[in-house]
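# Coordinate analysis (summary)
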Amino acid sequence: MKLTFVGCGYLGATHAACMAELGHEVLGMDSDTDKVAILNSGKAPFRERGLDEMLTRHTSSGRLKFTASYAEAAAFADLHFIGVGTPERADGDGYDLTHLFSAVRRLAACLKNPAVITVKSTVPVGTAPRVRDLLHQIAPAGRAIEVAWNPEFLRESFAIEDTLRPDRLVLGFEAEHSWAEAVLRRCYEAVVRAGTPTVVTDWATAELAKASANAFLATKISFINAIAEVCEVTGADVGKLADILGHDARIGRRSMRPGLGFGGGCLPKDLRGFVARAGELGVEQAVVILREVEAINNRRRERVVDLACRELDGNVAGKRIAVWGAAFKPETDDIRDSPALAVAERLRELGATVVVTDPQALDNARKTHPELDYADDPVTVVEDADLLLHLTEWPQYSHIDPRSLAARAVAPRVIDGRGTLDAGAWRQAGWTVRALGRP
Ligand code: UDX
């Protein structure tokens, strides 16, 4: 099939490449001409495992191209995906849909023939009818344009896997057995054939799928982190507790790693977006738990700052603190709402010199946090440090020999904010170890 993808960020670039991988002819469209040039050269403008190889393969084969022209996109196909960003509003009270409606308007103006517009961007429930009305009003093809809702659940660093072999496929339509449904079923035929559970539903359910999935994941993480708070005053071990709970198949161990909590471009934003929308709809009481989920998440950051102060005799001013990790999670260079950087920033505000290292995210961190100091690797960052903080659990950090580090620090003290360092080995190497939720 021929299809386009409007908006080539994490979601769009990955989806476009994966659709080419499935055999479709794909045109990616983004109004950022620099991004288009990078993508056409077979590279991603951000790091995502396996994506450069896939982009190179399909831009070379001719099955995948990128453009900055809406007119070209509209003429290319009659199936268009939209995956533009829906960031948080400046007032923090819900989503900013400016990019979405702008993309819809500009694409609509060029749609002369019947087409299916499939939105993948994360939105507040109730957006689909507004998109339909706008399309019908502006598109020359008018009411021959159909709208489908196809929420996206991909995790950064597993984006290709999650796109080609998703846990489920959710397709929302205005009416049963529509033309849009037939078109999307053809598009995703290989994914469905591979056994992906497919749920066909109405628009509102499809819109709510993403909001409620992310709200649940965030709740699960905050639940185990709330238990960690109890562990901290009882001497219990939240890691062991998570294992014990996880063996119960009804609970499951996934998304229950205790530690510094969640960040990134999705969970925090979607949580607040969901609460804001529920408020508008008069059902805020139904999601009041999500406010507590966010509060627990913020308390984990404060807890690390507090522990750091205590380790440094109540005053971090003038102290040198080394930080392992800047990315919001391992295997990405994404620093959006990074818990690690939030802690680093707070300690700097309190007067510490904070030196951060990260295998992939340093370039991005330097741009947004020029006031922090940076070191290229996890060994030199420890040089003359009064305290080491382990805040993003890159696997390589767990393999560093603590003995070789101890002599570099002013004092061998570490706070493990992610619980993945071998506390026994570190203590044996002479380090004082504190870990969230662990004895
Ligand atoms: C998330 C959802 O997983 C995905 O389905 C949705 O489409 C977008 O948001 P992503 O932001 O890539 O994906 O990251 P994820 O792996 O879910 O982690 C989110 C944050 O939670 C990270 O900061 C991570 O460190 C933290 N986390 C995750 C935990 O603290 N504990 C866990 O058990 C899991």
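Below: a short report on this structure. Predicted model, so just to flag it, every value in this text is computed and none were measured.

For the protein chain, the helix and strand inventory stands at 18 helices and 14 strands. Taking 22 Å as the expected radius of gyration for a compact globule of 439 residues, we find that the protein chain reaches 24 Å, a close match to that expectation. For the C-alpha atoms alone, the extent of the protein chain along its principal axes is close to 70 × 50 × 40 Å. Taken over 439 residues, the protein chain has a buried fraction of 54%. Within the protein chain, residue pairs in contact and separated by at least 24 positions form 73% of the contacts whose partners lie at least 6 positions apart. Accessible surface computed for the protein chain: about 18800 Å², of which carbon and sulfur atoms make up 51%.

Here we come to the packing of helix α12 (residues 267-280) against helix α13 (residues 288-311). Two numbers describe how α12 lies on α13: the axes approach to 9 Å, and their chain directions differ by 150°. One finds that α12 runs roughly antiparallel with respect to α13. Once α12 is placed against α13, the crossing between them reads as left-handed. When α12 is examined against α13, the residues L271, R272, F274 and V275 are found in contact with a partner set consisting of L290, R291, V293 and E294.

Around the ligand lies a shell of 20 residues, among which F153, E156, R257, G263 and F328 are the nearest. Between the ligand and the protein, one listed contact pairs an oxygen atom with a backbone N or O atom of L154 at 3.2 Å. One nitrogen or oxygen atom from the main chain of G263 is found 3.0 Å from an oxygen atom belonging to the ligand. Coverage of the ligand by the protein chains reaches 94% of its 660 Å² of free accessible surface. In terms of residues, the shell around the ligand owes the most to one element, helix α10 (residues 203-234), which gives four residues. Of the residues belonging to the shell around the ligand, the class tally is nine nonpolar, four polar and seven charged.

Further remarks concern the pairing of strand β14 (residues 432-435). Burial of the side chains of β14 is restricted to one face: V433 and A435 are buried, whereas none of T432 and R434 on the reverse face is. Pairing of strand β13 (residues 413-416) with β14, which is carried by four bridges, proceeds in the parallel orientation. Counterpart to D416 in the pairing with β14 is A435. Remark: the β13/helix α18 (residues 423-428)/β14 crossover connection has right-handed handedness.

Take empty space enclosed by the protein next. Evaluation of the coordinates by the stated rule reveals one cavity of 30 Å³ or more. Computed from the structure, the largest cavity encloses a volume of approximately 50 Å³. In this structure, the largest cavity is lined by V119, K120, S121, T122, V123, W149, N150, P151, A206, E207 and K210. A total of three residues in the lining of the largest cavity trace back to one element, the largest contributor, which is α10. Here the lining of the largest cavity is built from residues that sort into five nonpolar, three polar and three charged.

One open sheet accounts for eight strands, arranged β3-β2-β1-β4-β5-β6-β7-β8; its pairing is mixed. Edge positions in the sheet fall to β3 (64-67) and β8 (198-202), since each has one partner strand and no second. Strand-to-strand twist in this sheet, taken as the mean axis angle between neighbours without regard to direction, amounts to 25°. By the bridge criterion, four bridges tie strand β2 (residues 25-29) to β3 in an arrangement that is parallel. The partner of V26 across the bridge, within β3, is L64. Running at roughly 165° to strand β1 (residues 2-6), helix α1 (residues 10-21) makes contact with β1, β2, β3 and β4 (79-82) of the sheet.

Rules behind the numbers
Residues numbered from 1 in each chain as written. Predicted model: local features only at pLDDT ≥ 70, side-chain atom pairs only at ≥ 80, totals over all residues. Heavy atoms only, no water. Helix = DSSP H or I, 4+ residues; strand = E, 2+ residues; numbered from the N terminus. Rg over C-alpha atoms; globule rule 2.2 N^0.38 Å. Buried < 20%, exposed > 50% of the residue type's maximum accessible area, 1.4 Å probe, protein only. Contact = heavy atoms within 4.5 Å. Areas by Shrake-Rupley, 256 points an atom, 1.4 Å probe, with all protein chains shown as cover. Axes fitted to C-alpha atoms, helices over the stretch in contact; angles between N-to-C directions. Parallel < 35°, antiparallel > 145°, perpendicular 65-115°, else oblique. Left-handed = near helix turned anticlockwise from the far one by under 90°. Near = heavy atom within 4 Å. Polar contact = N/O pair within 3.5 Å; in protein donor to acceptor, adjacent residues only side chain to side chain. Nonpolar A, V, L, I, M, F, W, Y, C, P; charged D, E, K, R; others polar. Pairing = 2+ DSSP bridges. Right-handed = clockwise from strand over helix to strand, strands pointing away. 1 Å grid on protein atoms, 1.4 Å probe; cavity = no way out; pocket = protein on both sides within 12 Å on 5 of 7 lines; lining within 4 Å. Points joined across faces, edges and corners; volume = space filled by probe spheres on them.

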